[in-house]
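Residue-level structural notes
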Amino acid sequence: AWSGALAFGIAALAVAGVSSAQDPRPPSRISPVGDCLVSRNVTAWGVVDDRRLVVRSLGQRYFDIQLSHACRDLSRRSQLLFRDGSDFSGPGSVSRSGRRGGGGDGRICGDIGDAIIPVSGRRNGSERPCDIRSMQRIDAATFDRVFEVDPATANQLLDAVPPFVPGAPAN
């Protein structure tokens, strides 16, 4: 009986391994600290369109954030809450004026569970999170240029940005 249970357990593990190898979801990743945004450090942000925004944080760090779906309230709301997918204590928030609020201050890296929640005034819990699909560091010139062009051109500009290397000379 013991050997039958052991064989069943090994077979169950083998099947679990096969099904997880075929799982279409991307694996959760742990991003380097330098590639992440700390929500409490956000000083400015701008909406490119309903699926993309750029963010500036303390230390002159700039980010291009793409969302997994259209987030229609992104440009209509005065505050953004940043939800760290690994921090269940609550989202931190930053208003357009740079005031901070909310409870969480975790790293936002574009990992599974990270999201932006647009809100107006007081949060009532009915706001729909906008999951982050990807994010990358950008330089100050790219951040500034986004505000000088139309959304289609801004998207092309951001899509063409090479990987950011801190301390590298600007092109």
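Refer to the preceding data block for the structure.
Structure report, in brief.

Rules and cut-offs
- Residues numbered from 1 in each chain as written.
- Predicted model: local features only at pLDDT ≥ 70, side-chain atom pairs only at ≥ 80, totals over all residues.
- Heavy atoms only, no water.
- Disulfide = S-S within 2.5 Å.
- Helix = DSSP H or I, 4+ residues; strand = E, 2+ residues; numbered from the N terminus.
- Buried < 20%, exposed > 50% of the residue type's maximum accessible area, 1.4 Å probe, protein only.
- Polar contact = N/O pair within 3.5 Å; in protein donor to acceptor, adjacent residues only side chain to side chain.
- Contact = heavy atoms within 4.5 Å.

With that settled, consider the state of the cysteines. Here the structure, examined in full by the defined rule, presents two disulfides. Shown here is the disulfide that connects C36 with C109, its sulfur atoms set 2.0 Å apart. Across the S-S bond linking C36 and C109, the dihedral sits near 110°, which makes this disulfide right-handed. Taken together, the residues span a long stretch of sequence, with C36 in the loop between α1 (2–21) and β1 (37–38) and C109 in the loop between β8 (107–108) and β9 (115–119) at a distance of 73 residues. Under the relative-accessibility criterion, C109 is labelled buried at 5%. Across the disulfide, C71 is cross-linked to C130 (sulfur-sulfur distance 1.8 Å). Looking down the S-S bond of the C71 and C130 bridge, the torsion is 60°, so its handedness is right-handed. Of this pair, C71 sits in the loop between β4 (61–67) and β5 (79–83) while C130 sits in strand β10 (residues 130–138); the two residues are 59 residues apart in sequence, bridging distant segments of the chain. Listing the disulfide partners of the chain by sequence rank of the bonded cysteines yields 1-3, 2-4.

Summarising the element assignment, R52 is placed in strand β3 (residues 52–57). Classification of R52 by relative accessible area gives buried; the value is 2%. A polar contact is formed between the side chain of R52 and the side chain of D159, at a distance of 2.9 Å. In this structure R52 touches V47, D64, I65, Q66, L74, N155, L158 and D159, once residues within four positions along its chain are discounted.

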